[in-house]
Amino acid sequence: MTSRTPRPPPLYRLVCLDTVESTNDEVKRLAEDGAADEWTLVWARAQTAGRGRRGRSWDSPEGNLYCSLLLRPACPPGQAAEIGFVAGLAIYDAIGSLVLPGLEAWCKWPNDVLLGDAKVAGVLLETLGTDWLVLGVGINVAHYPANTDFPATSLWEQGSPGVTVEDMLEAFCRHFLAWYNRWRAEGFGPIRAHWLQRARGLDEEISVRLPGETVTGIFTGLDDDGTLILEGPDGDRRIAAGDVFFR
Ligand code: BTN
């Protein structure tokens, strides 16, 4: 398949690279050198040291999407996590716009996207100084890792082998811009509501793996900052970070 340069909406400043250690680190480096403005989007065809949430590595062979966006959202640090949900919605919609109809996609707390029962995309949100955020997005287009704690899949594996990384990048950029503008105009309320409509496991029993313990309860919703609410025999527990598993 011939490669082409993706064309995201004009606001984005796309930096195309072949191989980097991590696009999150690359966009941070550009920002620290004064060589990147807000909406700089570093895209690499492969990563040699891709990073996931909670200190995990992220398999990054050529064929999947790896990109990191530099943002300056001008919001209190406590609200920055909301942008992870904005990204989750954008990935969900971008995937929906490209795959064959009938594939069942879900948002998985906090910011993953599933196709069927398996993870197809993840988000790594990191701060840079006091004002900047780096939004890293990985989407399994052609490949997916084996032997993960939570099963993984790819768009190709799920019956959409025509999708290219370039198509995926453009679709993500379009949908992210739309959801981000909505978040800026209307706040987290509509983001939270739309995310919950697409959420896997809502009102069902789930387990959340935390450092040192696993808690089980009914996933009843999100707090107004994106914290997961788990209803257990001793009342509600609010969880800010963890790995969700379904029954
Ligand atoms: C996760 O689900 O654990 C988050 C995965 C985030 C992976 C992306 S790939 C592009 C960017 N660069 C990285 O090193 N990580 C993120």
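From a predicted model like this one, the values you see are computed outputs, not experimental measurements.

**Structural notes on the site of the ligand**
Here is step 1: Inspection of the region around the ligand gives 20 residues, with Ser 22, Gln 47, Arg 51, Arg 53 and Lys 119 positioned closest.
Here is step 2: Thr 23 places a polar side-chain atom, nitrogen or oxygen, 3.1 Å from a nitrogen atom of the ligand.
Here is step 3: In this structure, Arg 51 approaches the ligand through a main-chain N or O atom, which is 2.7 Å from a nitrogen atom.
Here is step 4: Elements represented by at least two residues in the shell around the ligand include exactly α1 (23-32), β3 (65-71), β6 (118-128) and β7 (132-139).
Here is step 5: If you tally residues by element for the shell around the ligand, the top one is β6, at four residues.
Here is step 6: In terms of residue class, the shell around the ligand is built from six nonpolar, ten polar and four charged.

**Topic: the pattern of salt bridges**
Here is step 1: Following the criterion strictly, the structure yields 22 salt bridges and no others.
Here is step 2: A salt bridge links Asp 149 to Arg 209; the shortest N-O distance between them is 3.3 Å. Placement of Asp 149 in the loop between β7 and α3 (165-186) and of Arg 209 in strand β8 (residues 205-210) is noted, with a sequence separation of 60 residues between them.
Here is step 3: One salt-bridge network, held together by shared partners, links Asp 25, Lys 28, Arg 51 and Glu 126.

**A few points about the nonpolar core**
Here is step 1: Among the nonpolar cores identified, the biggest contains 64 residues, and Ile 95, Phe 176 and Trp 195 are the most heavily contacted of them.
Here is step 2: It is α3 that contributes the most residues to this core, eleven residues altogether.
Here is step 3: Counting residues domain by domain, this core receives three or more from each of domain 1 (13-197) and domain 2 (205-246).
Here is step 4: Excluding its chain neighbours within four sequence positions, the residues that come into contact with Trp 195 are Phe 85, Leu 89, Cys 107, Lys 108, Trp 109, Pro 110, Phe 219 and Leu 222.

**What to know about the domain arrangement of the protein**
Here is step 1: Its domain assignment divides the protein into domain 1 (13-197) and domain 2 (205-246).
Here is step 2: Just the C-alpha atoms count here: the centres of domain 1 and domain 2 sit 23 Å apart.
Here is step 3: Listed by partner, the interface residues are 15 residues for domain 1 and 20 residues for domain 2.
Here is step 4: Taken together, the two surfaces of domain 1 and domain 2 that pack against each other cover about 1400 Å², and 59% of this comes from carbon and sulfur.
Here is step 5: Taken together, domain 1 and domain 2 are joined by four salt bridges.
Here is step 6: Connecting domain 1 to domain 2 are nine residue pairs in polar contact (both at pLDDT 80 or more).
Here is step 7: Listing elements by their share of the side of domain 1 that touches domain 2, those giving two or more residues are α2 (82-98) and α4 (188-197).

About the thresholds
Residues numbered from 1 in each chain as written. Predicted model: local features only at pLDDT ≥ 70, side-chain atom pairs only at ≥ 80, totals over all residues. Heavy atoms only, no water. Near = heavy atom within 4 Å. Polar contact = N/O pair within 3.5 Å; in protein donor to acceptor, adjacent residues only side chain to side chain. Helix = DSSP H or I, 4+ residues; strand = E, 2+ residues; numbered from the N terminus. Nonpolar A, V, L, I, M, F, W, Y, C, P; charged D, E, K, R; others polar. Salt bridge = Lys/Arg side-chain N within 4 Å of Asp/Glu carboxyl O. Core = buried A, V, L, I, M, F, W, Y, C linked by side-chain atoms within 4.5 Å. Buried < 20%, exposed > 50% of the residue type's maximum accessible area, 1.4 Å probe, protein only. Domains from an automatic or database assignment. Contact = heavy atoms within 4.5 Å. Buried area = accessible area lost by both parts, 1.4 Å probe.

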